[in-house]
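# Geometric and topological summary
Each chain, written out:
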Amino acid sequence: MAVSDHVDLPQFMAGLERRNPGETEFHQAVYEVASNVFEFISDKEIYHSLQILRRIAEPDRIIIFRVCWEDDQGNIRVNRGYRVQNNNSIGPYKGGLRFHPSVNLSILKFLAFEQTFKNSLTGLPLGGGKGGADFNPKGKSDNEVMRFCQSFMTELYRHVGDDIDVPAGDIGVGAREIGYLFGQYKRLTARFTGVLTGKAIDFGGSPIRTEATGYGTVYMMQDMLALRGEDLAGRTCLVSGAGNVAQYATAKLIELGGHVVTLSDSTGFIYDKDGIDAEKLAYVMDLKTVRRGALSAYAEEFGAEFHSGRTPWGVPCDLAFPCATQNEITTSDAEILINNGCIGVSEGANMPTEQDGISAFTDAEILFAPSKAANAGGVAVSGLEMSQNSTRRTWKAEELEVLLREIMTGIHERCVEHGRCPGTDYIDYVRGANIAGFVKVADSMIAYGVM
Ligand code: NDP
Ligand code: 2IT
């Protein structure tokens, strides 16, 4: 086929939308990558003729299953479980499990697609996958969560394995859930292997994994600022979310002298003008991880403002760290952030900015690190947890801290390499991340032949 005969970007997207009707988050994630990749491969015939992007955007397989469990009142409850195994060209499928009532196929396909590029960007041998269930852990007892996790793994165990597919946590899946899931896998298979990451240290978990995503998101911002000869100290920072990623992004920002004034959850956001310090953050960690309460309690405890049902993006800031969920920064939020003088955004959550919001940030030439680069520290340390499990050793926290920092610097450098805009100093980290992530997967697929 001659180059001129290839489908163009609108035709590619029209085909994708026709084959995956109604899956808006999946369309959004593919469009963001495809818009850069089409430009990159315009003079590279082999990527076209071998249909590489079309193949990456068609998951290797999707497993969908019933998860039946009994609640504390003796009622039989039914949820839907999923695992999307997107691409294993450069390593076993790897990616988190999300337990949230909003979970559907579109969301998991977007996350598995993104994960394929993110994992490639880390430089580690990890393929891309994602899974989860429309189960809401909120308000459930520990025993209910345990029974749900055991039932979920009773189906999933036959599809995963330490060299096959290695799930981890995501929204609604933390240390408690990973413990129950790992216990059930071990019981069903009678094998103790590194089939999940994010385990407790006592049974094969890695130091720094809990902190890695949040820390990495801040390291990415640190590297972007450093390239402009600037740093984080004294900057007013907005963080959204109050879970794993938000907590450790806040911890690292405090350590580096940032002034964090917001956090949010599904009920609203808190604005603490005095700044969130280590003591207040310890309160948040206990509130969200142990007591599992709402963030309004913080406002009562420390006399901060609580804005019910709202996101924090209207608060003036220098830097923003969205760490809650997809599309939490709308296009108008992005414009407000820019108008209020925000100079940098590093995405801890997956795809937290709407497509036009990303364009607003890049058009305004502010520092913008997309999620597949900025939150890759988590999966990177998961990759290191897999290495530790295969050698049956646990490395020291200090060694892992150094490795995480180096990996984030490597990601930043790969983004810069492919994201430089000719004729200006501006780095388009979105393009950099998409292309750097694409090339390794694409070239491996070419090496394997057509399959
Ligand atoms: P958690 O479950 O620990 O925390 C999620 C936080 O976001 C909670 O505060 C939650 O509120 C809030 N939230 C979730 N969904 C919504 C929603 N629809 N609207 C408003 N608030 C919401 O999850 P994580 O911190 O692990 O994950 C946060 C983001 O980071 C996700 O996008 C995830 O995919 C991404 N990520 C996570 C990684 C990890 O290692 N954990 C790695 C890379 C990315 P509430 O407390 O009320 O439930
Ligand atoms: O989105 C993500 O990168 C994660 N939820 C972490 C995946 C992992 O395998 O550690």
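Small disclaimer: the values here were computed from a predicted structure and weren't measured.

This paragraph deals with the overall build of the protein chain. Across its full length, the protein chain holds 17 helices and 12 strands. For 451 residues, the compact-globule estimate of 2.2 N^0.38 gives 22 Å, and the protein chain sits close to it at 21 Å. Across its three principal directions, the C-alpha atoms of the protein chain cover 65 × 55 × 45 Å. The buried share among the 451 residues of the protein chain stands at 57%. Long-range pairs, those at least 24 residues apart, make up 71% of the contacts in the protein chain between residues at least 6 apart in sequence.

Our focus in this paragraph is the pairing of strand β4 (residues 128–133). With respect to burial, β4 is a largely interior element, 6 of its 6 residues being buried. The side-chain alternation of β4 yields two buried faces, one formed by Gly 128, Lys 130 and Gly 132 and the other by Gly 129, Gly 131 and Ala 133. Inspection of the sheet shows strand β2 (residues 76–87) paired to β4 by 6 bridges, in the antiparallel sense. The partner of Gly 81 across the bridge, within β4, is Ala 133. Pairing of strand β3 (residues 93–99) with β4, which is carried by 3 bridges, proceeds in the parallel orientation. Note on β4: the bridge partner recorded for Arg 98 is Gly 132. Crossover β3 to β4 through helix α5 (residues 105–121) is right-handed.

Around ligand 2 sit 14 residues in total, of which Lys 94, Lys 118, Lys 130, Asp 170 and Ser 382 are the nearest. With respect to ligand 2, the side chain of Lys 118 contributes an N or O atom lying 2.7 Å from an oxygen atom. Within the side chain of Asp 170, one N or O atom sits 3.0 Å away from a nitrogen atom of ligand 2. Burial of ligand 2 by the surrounding chains reaches 94%, relative to a free accessible area of 300 Å².

With that settled, the discussion passes to the site of ligand 1. Taken together, 25 residues lie around ligand 1, and Asp 170, Arg 209, Thr 213, Ser 266 and Asn 350 are the ones closest in. In the model, an oxygen atom of ligand 1 is placed 2.8 Å from a nitrogen or oxygen of the Thr 213 side chain. A distance of 3.0 Å separates an oxygen atom of ligand 1 from a polar atom in the side chain of Lys 288. Considered on its own, ligand 1 offers 890 Å² of accessible surface; in the complex 82% of this is hidden by protein. Of all the elements in the fold, those that place two or more residues in the shell around ligand 1 are α8 (209–227), α9 (244–255) and β7 (259–265). Looking at side-chain class alone, the shell around ligand 1 contains 6 nonpolar, 12 polar and 7 charged residues.

On the surface, a cluster of negative charge is made up of Asp 277, Glu 279, Glu 300 and Glu 301. Residue placement: Glu 279 occurs in helix α10 (residues 278–290).

Now for unusual backbone geometry. Of note in this structure, Arg 292 is not a glycine but carries a positive phi near 55 degrees. The topology assignment puts Arg 292 in the loop between α10 and α11 (296–302).

Here we take up the pattern of salt bridges. Should their charged atoms come close, side chains of opposite charge can pair. Counting across every chain of the model gives 21 salt bridges. For Glu 32, the salt bridge identified is with Lys 372, shortest N-O distance 2.9 Å. Here Glu 32 is found in helix α2 (residues 24–40), whereas its partner Lys 372 is found in helix α14 (residues 371–374), with 340 residues between them in sequence. The two residues Glu 32 and Lys 372 agree in class, both being buried. The partner of Lys 372 in a salt bridge is Glu 114, with the nearest N and O atoms 3.2 Å apart.

How each quantity is defined
- Residues numbered from 1 in each chain as written.
- Chains lettered and ligands numbered in written order.
- Predicted model: local features only at pLDDT ≥ 70, side-chain atom pairs only at ≥ 80, totals over all residues.
- Heavy atoms only, no water.
- Helix = DSSP H or I, 4+ residues; strand = E, 2+ residues; numbered from the N terminus.
- Rg over C-alpha atoms; globule rule 2.2 N^0.38 Å.
- Buried < 20%, exposed > 50% of the residue type's maximum accessible area, 1.4 Å probe, protein only.
- Contact = heavy atoms within 4.5 Å.
- Pairing = 2+ DSSP bridges.
- Right-handed = clockwise from strand over helix to strand, strands pointing away.
- Near = heavy atom within 4 Å.
- Polar contact = N/O pair within 3.5 Å; in protein donor to acceptor, adjacent residues only side chain to side chain.
- Areas by Shrake-Rupley, 256 points an atom, 1.4 Å probe, with all protein chains shown as cover.
- Nonpolar A, V, L, I, M, F, W, Y, C, P; charged D, E, K, R; others polar.
- Patch = residues over 30% accessible without salt bridge, like charges linked within 9 Å, V, L, I, M, F, W, Y side chains within 5 Å.
- Salt bridge = Lys/Arg side-chain N within 4 Å of Asp/Glu carboxyl O.
- Lys, Arg positive; Asp, Glu negative; His and termini not counted.
- Charge placed at Lys NZ, Arg CZ, Asp CG, Glu CD.

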